[in-house]
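Structural description and commentary
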Amino acid sequence: MGRTRNKQSIIASVADKTGMEEVKARDAVNAALEIITQTVGRGEAVHVVGFGRFETYERQARARSLPRPHAPMQISAARLPVFRPSERLRERFKEEQTF
């Protein structure tokens, strides 16, 4: 597994690739992430062609038992954010294995 990139390194890469000042690149990255977060938070999907889809998954409530005392336990319903990669992104991983 490769190294993990943080938001600051992505901002620096955007600034480098686009020729933007780093402050403007930071504003652009923050705005894009905020729009995705708000949209998915409302239950809508965000589809980025060639990259993937951000959406929510509705997990239903369910009953389970605790392993040790074997006592029943209720797990509440939840709405979770998920990312589904596009076919093009999946194919790129299959072909290259590394970027």
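Just so you know, the residues in each chain are numbered from 1, in the order the chain's sequence is written. Local features in this predicted model are restricted to residues of pLDDT 70 or higher, and side-chain atom pairs are both shown and tallied only at a pLDDT of 80 or more, whereas totals for entire chains, interfaces and linings draw on every residue. To obtain the side-chain values, all non-hydrogen atoms of the structure were used and water was disregarded.

Once that is clear, we can look at the packing of helix H1 (residues 7-18) against helix H2 (residues 22-41). All axes here are fitted lines through C-alpha atoms, helices being fitted over the stretch that makes contact, and every angle between N-to-C directions spans 0 to 180 degrees. Strands here mean DSSP runs of E at least two residues long; helices mean DSSP runs of H or I at least four residues long; both are numbered from the N terminus. Running from N to C, H1 and H2 cross one another at 120 degrees; their axes reach a closest spacing of 8 Å. Considering the angle they form, H1 stands oblique to H2. Here H1 runs over H2; the crossing is right-handed. Contact residues: Lys-7, Gln-8, Ile-11, Val-14 and Ala-15 in H1; Glu-22, Ala-25, Arg-26, Val-29, Asn-30 and Leu-33 in H2. As a working rule, the residues Ala, Val, Leu, Ile, Met, Phe, Trp, Tyr, Cys and Pro are called nonpolar, Asp, Glu, Lys and Arg charged, and the rest polar, with Gly in that last group. Broken down by class, the residue content of the contact of H1 with H2 amounts to six nonpolar, two polar and three charged. Every angle not falling under 35 degrees, over 145, or within 65 to 115 is termed oblique; those three ranges are roughly parallel, roughly antiparallel and roughly perpendicular. Two helices cross in a left-handed way if the nearer one is turned anticlockwise from the farther one by less than a right angle. They cross in a right-handed way if the turn is clockwise. Contacts: residue pairs with any heavy atoms within 4.5 Å of one another.

Before going further, it helps to spend a moment on the packing of aromatic side chains. For this analysis, a ring pair means two rings from Phe, Tyr or Trp (six-membered ring only for Trp) whose centres lie within 6.5 Å, classed as stacked if their planes differ by under 30 degrees, edge-to-face if by over 60, and tilted for the remaining angles. Counted by the stated rule, this structure contains three aromatic pairs. Three or more aromatic residues link up through ring pairs in this structure, and these residues are Phe-51, Phe-54 and Phe-83.

Here H1 spans 16 Å end to end across 12 residues, near enough to the 16 Å set by a 1.5 Å rise per residue. Burial classification: accessible surface area is computed with a 1.4 Å probe over protein chains only, and a residue below 20% of its type maximum counts as buried, one above 50% as exposed, and the rest as partly exposed. Among all positions in H1, only Ser-9, Ile-11 and Ala-15 are buried. Down the axis of H1, the sector holding all buried residues measures 160 degrees, keeping them to one side. Taken together, the buried residues of H1 touch H2. Expected span of a helix, by definition, is 1.5 Å for each gap between consecutive residues, and there is one gap fewer than residues. Arc definition: it is the arc formed by the directions from the helix axis to the C-beta atoms.

Let us look at unusual backbone geometry. Of note in the backbone geometry, His-70 takes a positive phi value of approximately 55 degrees without being a glycine. Among the secondary structure elements, His-70 is positioned in the loop between strand E3 (62-65) and strand E4 (72-75). We classify His-70 as exposed; its relative accessible area is 61%.

Let us now look at the pairing of E3. A regular strand places its side chains on the two faces of the sheet in alternate fashion. DSSP-based pairing: two strands are paired if at least 2 bridges between them are found. As judged from the four bridges shared by E3 and E4, these two strands associate in the antiparallel manner. Bridging from a neighbouring strand, Ser-65 pairs with Pro-72 of E4. Linking E3 to E4, which pair antiparallel, is a turn of six residues; within it His-70 sits at a positive phi near 55 degrees.

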